[in-house]
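Each chain, written out:
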2 protein chains.
Amino acid sequence: MENQLSLFYGLSFLTVALAFAFAAYLYLWVKKQRTSNARIEEVSLLIKEGANTFMRREYLVLAKFAAVAAVIIFILLPAPVWQGDILNNLAMAIAYIAGTVLSAIAGKIGILVATLSNGRTAEAAKEGLKPAFLIGFRGGAVMGLLVVGCSLLGVAAVLMLTGDSTILLGFSFGASSLALFAKAGGGIFTKTADISADLTGKVELGIPEDDPRNPAVIADNVGDNVGDVAGMGADLFDSNVAAMASALVIAQSLASESFANISMVFCYAILGLFASILGIATARVGKNGSPTRALNSSTYVTTAIFLVLTALATVVFEGFSWRIWGASAVGLLVGVIIGITTDYFTDDTKPIVRRVAHASGSGPAFTILSGISYGFISALPAMAGIAISALVAYKICEPMGEGYAIFGISMSAVGMLSIVGMIISNDAYGPIVDNARGLAEMGGLGEETIRTADELDSAGNTVKAVTKGFSISAAGLTVISLLGAFMSEANDALAEAGKELITGFDIMSPTVFFGILIGAAVPAVFSAMLILGVDKNAQRMVKEIHRQFNSIPGLKEGKKGVKPEYGKCINIATAGALKELIPAGLMSIVATLLVGFIGGSLAVGGFLLGNIVSGLLIALFMSNSGGLWDNAKKYIESGEEGGKGSEAHKAAVIGDTVGDPFKDTAGPSINTQITVVSLVSSLMSSLFVLFSIF
Amino acid sequence: MENQLSLFYGLSFLTVALAFAFAAYLYLWVKKQRTSNARIEEVSLLIKEGANTFMRREYLVLAKFAAVAAVIIFILLPAPVWQGDILNNLAMAIAYIAGTVLSAIAGKIGILVATLSNGRTAEAAKEGLKPAFLIGFRGGAVMGLLVVGCSLLGVAAVLMLTGDSTILLGFSFGASSLALFAKAGGGIFTKTADISADLTGKVELGIPEDDPRNPAVIADNVGDNVGDVAGMGADLFDSNVAAMASALVIAQSLASESFANISMVFCYAILGLFASILGIATARVGKNGSPTRALNSSTYVTTAIFLVLTALATVVFEGFSWRIWGASAVGLLVGVIIGITTDYFTDDTKPIVRRVAHASGSGPAFTILSGISYGFISALPAMAGIAISALVAYKICEPMGEGYAIFGISMSAVGMLSIVGMIISNDAYGPIVDNARGLAEMGGLGEETIRTADELDSAGNTVKAVTKGFSISAAGLTVISLLGAFMSEANDALAEAGKELITGFDIMSPTVFFGILIGAAVPAVFSAMLILGVDKNAQRMVKEIHRQFNSIPGLKEGKKGVKPEYGKCINIATAGALKELIPAGLMSIVATLLVGFIGGSLAVGGFLLGNIVSGLLIALFMSNSGGLWDNAKKYIESGEEGGKGSEAHKAAVIGDTVGDPFKDTAGPSINTQITVVSLVSSLMSSLFVLFSIF
């Protein structure tokens, strides 16, 4: 059996190499596409530089944070250094740093390719939908392949070298730390710029979106990249690593067959990556086809390939169980179904978006009220889906023996995330074509090209809603298995301290209940702090934009040769994002520590549950109402309900502005908050056992 | 010990008689106050008739619902009639009907007095703050005394006659059914009318609030009464009965001292009512004093009296425990503290409201974003307070023996609700003075009087926020003890069926987890359905108002003698409220039954937990952001941030419109939804045991 595991380590590295090679091929393919328009090149360069500025400063702050965290980890984890094996602590600290670095590299290269693809996509749009789609999609796919490759590489290397799945939690925590900065920081950045640009440009001056006179326009385009490409990539890197890590922690704690089960986790990850490569390679817009259909059908192809391959693997390899295969298939299918229901609530060809657009005719209060209401309702199918897939996975795997039921849930999360390479490709496609649309406008490529770019962009928005629903749900299943991982870690610590083991977290215990209520409040406060951060930051940037319009002569009038100081807006967005993000992140970590040191392991178990439940609810609510307002606005702009300039349109613009930080800052950051909190709990479990009050 | 219990039954009836007598005295006192203005009398009569129309139709629908429910209860509960004792089933059905009828009577008389007080308060406002305050407050106090008197009367009578606390759950369910209709239906009614009146009057025509030309103006004033007086009274009747019922179910299941503990529940209820009578009798506005201070200080006086009296009772009576006293004191103190923190988020002399008012200067999107954010943050202190009081109550009472810990929590809820007579008086004061303000305007009593009425009204709004936080928190503690009651009921059923007993609800069990996720989604969907109901209904009413303005000649211009058809608006609000409410109520009950019949008792336990946690979060969020938007608008109207007519004001008006159904329809109805679901679960527990799939 150990031989089988070695085989899978080998195959993991091989598949990662294949993914990296394919990514390199796509990168070179994108790079050799034609660029000819000087204006586009110039703006594209500005965007690239802006993104680099943000990433550099973000990584600098993160490096300081990570250094402090690494020292604390070295001293305290997995056990205080004066009690345990110092080499273990060193391994944990190194794994933590490796987690941050690998994720950072993937993000950095992803941004590089995205900022390379945007201009080329814009120019290809002159030729039509098909070539432009391919550049945008392949640019995004580089990010997808890198993220999944790096995560598999890291997990396999850490486990092969240390043989200890607890160290993996350190690696996973590294990935989460980075994701918190990248997703929440990038989210604040992008919405600061977006809202400020809209308010001063579209609303005050009445100039179009992406007008080069607007000092915030470059920051806005930078934001798409740092928020949606780098941030989302880090987020899914984090989820993917956490899903694998928790499955491996549980697999290692199983009494029987643990090698086969560990092999199985790697085998599924390998086949998922392989299926994504095939899906990416075959993605194309058909004749007169729609880009939305192209993106969705490649997702379905990937799903089908993955299911077939894992079934074959179950036949071929010794110790692989059909029950586990079933659990993972359920996870994947539910993920797809949740994606489809999300689409129902956010697609403008479906009734919900149209109802909100229609309600906007009665004024902005109705836009907001109906959007919030449907957002809340949209949480039900996804939460029911997660609940059912957890229940089914558990029941399928329960007969296999003790511990297998929760292993089944963790494999259900691994199944859901197996096709994450494909999901990220679809998701990163969005900001690239969004940028391309802006560049087409700034480069003066003409109405026809802008219309093509618009069509690409709208497909990006639709698909984004689906992938977001998917990734939130995957995170939901992952944290359930992290709860299992936490219990197994806490019990190790309790056994060592000679205390009674935990057999579960009973909600009738007031200690658990105490944790649940506090845990449920944390995502609400966390998301509120991020939204207020965007709010404050946008007010700073609006002030700067007004200053530029008032003090740079000829700017407002669009005099030739007069350019705004784009860099100043980028600096404001960057500084503000990092400043506003830190208190929110600290709040969630401090709350975890407080609950742990007051109530001990039982309270922490409750805390994690409350956090998951309200986190899922708020994340789904915010992502979906945001998406639905965005599309209601676009639906009205397409000429319905009075079209552009009507009262309904004004109301829908207000809805969209409210939705912006919902869907691009707070909503998707909650994922990361939940994962960070879960990992902090698992890592600190021995300290909670030693030092808690109750 | 049984003698002691008989003593407390006797004392209960005596105190109830005292409360009724005092209420009658206050009623007569209000009635003999001067009325002289013909116009006020006329409008006041219209309001009274409108309220009666709504109540009559609501009670008619309820009667049908109750008849069906009573038949189902008779057939199935507490055990299927072919299995158990038919007399028990009859008692349960009768108790259920008694619960609805007693609550309805209290609501009906409350409305009668409120609609009697509003005109008299308006006229007294000519004389100044002091006399007007007294009429408004005493009018509200009649409702407070009746609600608490009826609930104590019902609980004592049911338990004395049947000796079986399970039958009490039937009585409590009756109270909940009525509360669901009264609170959610009244909430939809009041906000339909309020929003339509504002949109057509203030926004479109620019005529003042309460202008008699507006066809919706009477419906708006009726709404204050049916939503805030009758609805809120039914809601707190329901909470109070549920708190006592669950404490009594748990007390009866305790192995030792159960008579003393049952006596204790009644003793606390008696002393709470007595303390409220004293508090009400002494409430007065001091020389140049503020009405807010008068309302708050009478709450504090009541609290102090209650604590002293219960301490004395603990000394005097055999078997009364200091630990239980401690638990109940903790509940009460935490209730007061939560009230104060709620006040911090919603009072316009505090920074939060001012920040939202300031953000409104940047446009309505910022009003909404900041209001939602602070609303989410405001949930933290209340949830932490509930968590801590549950934990402390549990820990204080745990040493008393098995089952006492959860009894301690239930007594903590009883403690929090003991002063509910005072809370309702404060709360019912609000709509009376709100009406009075409208009447002062419609009766042409002059600027000075309107200003006085405004001051009374603003105190009502501030106090309302506090009492709402208080009642949501009390409901939170109550449902925890209902969870305990559910477990004890489910175990009775399991024991009878010869199955394994439940020792708790472990969140690691996927069945429990399944219930938790579905339970958490229900309050979100429930509140969304109510909000959408208001939305739809308001659009119907706006259409009717436009019709009247267009087809009744001279109405818009205010020609003398031309009157709008007020009745049509009242009919629309009434019909719509009842129509929109039923699907939301059914959805929550059906979800409970589905979860119960799929997952059995374990899933239901999880369902209740998820329901409580997300219900608390959403209710606090909605009530507080609604209150804060309301006060931010008023703050701007007082001349700050540009004052009336400024851009900030327009934005704040939009915030207020969004907040209206948040704070007066959905937020406070969630309480009732949680209680209904908890009671359905407890009542159906034996059926879940017999017929569930898993």
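Residues numbered from 1 in each chain as written. Chains lettered and ligands numbered in written order. Predicted model: local features only at pLDDT ≥ 70, side-chain atom pairs only at ≥ 80, totals over all residues. Heavy atoms only, no water.

A look at the interface of chain B and chain A
Then comes step 1: Opposite the 69 residues of chain B that make contact, chain A presents 69 residues.
Then comes step 2: With both chains or domains summed, chain B and chain A bury close to 6200 Å², and 87% of this area falls on carbon and sulfur atoms.
Then comes step 3: Put simply, chain B and chain A have four residue pairs in polar contact (both at pLDDT 80 or more) between them.
Then comes step 4: Counting residues per element, the ones that place at least two in the side of chain B that touches chain A are α5 (165–205), α11 (364–397), α14 (447–496), α15 (510–551), α16 (566–637) and α17 (647–691) of chain B.
Then comes step 5: Looking at the side of chain B that touches chain A element by element, the count peaks at 21 residues for α11 of chain B.
Then comes step 6: Looking at the side of chain B that touches chain A residue by residue, the class counts come to 54 nonpolar, twelve polar and three charged. (Contact = heavy atoms within 4.5 Å. Buried area = accessible area lost by both parts, 1.4 Å probe. Polar contact = N/O pair within 3.5 Å; in protein donor to acceptor, adjacent residues only side chain to side chain. Helix = DSSP H or I, 4+ residues; strand = E, 2+ residues; numbered from the N terminus. Nonpolar A, V, L, I, M, F, W, Y, C, P; charged D, E, K, R; others polar.)

Notes on the nonpolar core
Then comes step 1: Core analysis: the largest hydrophobic core is formed by 537 residues, its most contacted members being Phe-266 and Phe-407 of chain A together with Phe-266 and Phe-407 of chain B.
Then comes step 2: When residues in this core are grouped by element, the largest group, 32 residues, is from α16 of chain B.
Then comes step 3: Discounting chain neighbours no more than four positions away, the residues touching Phe-407 of chain A are Ala-247, Ile-250, Ala-251, Leu-254, Asn-261, Val-265 and Ile-324 of chain A. (Core = buried A, V, L, I, M, F, W, Y, C linked by side-chain atoms within 4.5 Å. Buried < 20%, exposed > 50% of the residue type's maximum accessible area, 1.4 Å probe, protein only.)

Details of the layout of surface pockets
Then comes step 1: Volume-wise, the second largest pocket comes out at about 1200 Å³.
Then comes step 2: Forming the walls of the second largest pocket are 40 residues, and the residues nearest its centre are Asp-506, Met-508 and Ser-509 of chain A together with Tyr-394 and Glu-398 of chain B.
Then comes step 3: Going through the elements one at a time, α15 (510–551), α16 (566–637) and α17 (647–691) of chain A together with α6 (217–253), α11, α12 (404–418) and α14 of chain B are the ones with two or more residues in the lining of the second largest pocket. (1 Å grid on protein atoms, 1.4 Å probe; cavity = no way out; pocket = protein on both sides within 12 Å on 5 of 7 lines; lining within 4 Å. Points joined across faces, edges and corners; volume = space filled by probe spheres on them.)

Comments concerning the relation of the copies chain B and chain A
Then comes step 1: Laying chain B over chain A is done by rotating through 180° and shifting 0.0 Å along the axis; what remains is an RMSD of 0.0 Å. What the superposition gives is, in effect, a two-fold axis relating one chain to the other. Within chain B, Asp-506 of chain B has its C-alpha nearest the rotation axis, a separation of 2.1 Å. (Least-squares fit on C-alpha atoms with pLDDT ≥ 70 in both.)

Side note on unusual backbone geometry
Then comes step 1: If you check the backbone angles, Glu-641 of chain A has positive phi at about 50° while not being a glycine.
Then comes step 2: Residue Glu-641 of chain A is classed as partly exposed on the basis of its relative accessible area, which comes to 34%.

Details of helix α10 (residues 351–359) of chain A
Then comes step 1: For α10 of chain A, the set of buried residues is Ile-352, Val-353, Val-356, Ala-357 and Ala-359 of chain A. Looking straight down α10 of chain A, one finds its buried side chains confined to an arc of 165°; they lie on one side.
Then comes step 2: Taken together, the buried residues of α10 of chain A touch α9 (322–346), α11 (364–397) and α16 of chain A together with α15 of chain B. (Arc of directions from axis to C-beta.)

Looking at the packing of aromatic side chains
All names here are of chain A.
Then comes step 1: Applying the stated rule across the entire model yields 38 aromatic pairs over all chains.
Then comes step 2: Ring centres 4.9 Å apart and planes at 65° place the aromatic pair Phe-8 and Phe-317 in the edge-to-face group. Of this pair, Phe-8 sits in helix α1 (residues 2–31) while Phe-317 is found in the loop between α8 (291–316) and α9, placing the two residues 309 residues apart along the sequence.
Then comes step 3: Judged by its relative accessible area of 2%, Phe-8 is buried.
Then comes step 4: Considering the side-chain rings of Phe-597 and Phe-688, the 5.1 Å spacing of their centres and the 80° angle between planes classify their relative orientation as edge-to-face. You can see Phe-597 sitting in helix α16 and its partner Phe-688 sitting in helix α17, a full 91 residues away along the chain.
Then comes step 5: Relative accessible area serves as the criterion here: at 27%, Phe-597 is assigned to the partly exposed category.
Then comes step 6: Linked through ring pairs, Phe-376, Phe-621, Trp-629 and Phe-662 together constitute an aromatic cluster.
Then comes step 7: In this arrangement the basic side chain of Arg-138 is found over the ring face of Trp-29, its NZ or CZ atom lying 4.6 Å from the centre. (Phe/Tyr/Trp six-rings, centres within 6.5 Å; stacked < 30°, edge-to-face > 60°. Lys NZ or Arg CZ within 6 Å of the ring centre and 35° of its normal.)

Let's talk about the packing of α6 of chain B against helix α13 (residues 420–442) of chain B
In a pair of packed helices, the angle between the axes and the distance between the axes together describe the arrangement.
Residue and element names in this part refer to chain B.
Then comes step 1: Where α6 contacts α13, the axes come no closer than 10 Å and their chain directions differ by 180°. Our classification of the angle between α6 and α13 gives roughly antiparallel. Taking contact as the criterion, the partners of Val-217, Asn-221, Asp-224, Asn-225, Asp-228, Val-229, Met-232, Leu-236 and Asn-240 in α6 are, on α13, Val-420, Ile-423, Ile-424, Asp-427, Ala-428, Pro-431, Asp-434, Asn-435 and Met-442.
Then comes step 2: Across the contact of α6 with α13, the residue classes tally to ten nonpolar, four polar and four charged. (Axes fitted to C-alpha atoms, helices over the stretch in contact; angles between N-to-C directions. Parallel < 35°, antiparallel > 145°, perpendicular 65-115°, else oblique.)

Brief notes about the pattern of salt bridges
Residues and elements named next belong to chain A.
Then comes step 1: On inspection of all chains with the given rule, the structure shows 43 salt bridges over all chains.
Then comes step 2: Ionic pairing is found between Asp-343 and Lys-350, a salt bridge with its closest N-O pair at 3.4 Å.
Then comes step 3: Residue Asp-343 is classed as buried on the basis of its relative accessible area of 15%.
Then comes step 4: A salt bridge links Glu-448 to Arg-451, with the shortest nitrogen-to-oxygen separation between them at 3.3 Å. With Glu-448 and Arg-451 both in helix α14 (residues 447–496), this residue pair falls three residues apart, about one helical turn. The residues Glu-448 and Arg-451 share a single accessibility class, namely exposed.
Then comes step 5: Overlapping salt bridges bring together Lys-191, Asp-194, Asp-630, Lys-634, Asp-660, Lys-663 and Asp-664 as one network. (Salt bridge = Lys/Arg side-chain N within 4 Å of Asp/Glu carboxyl O.)

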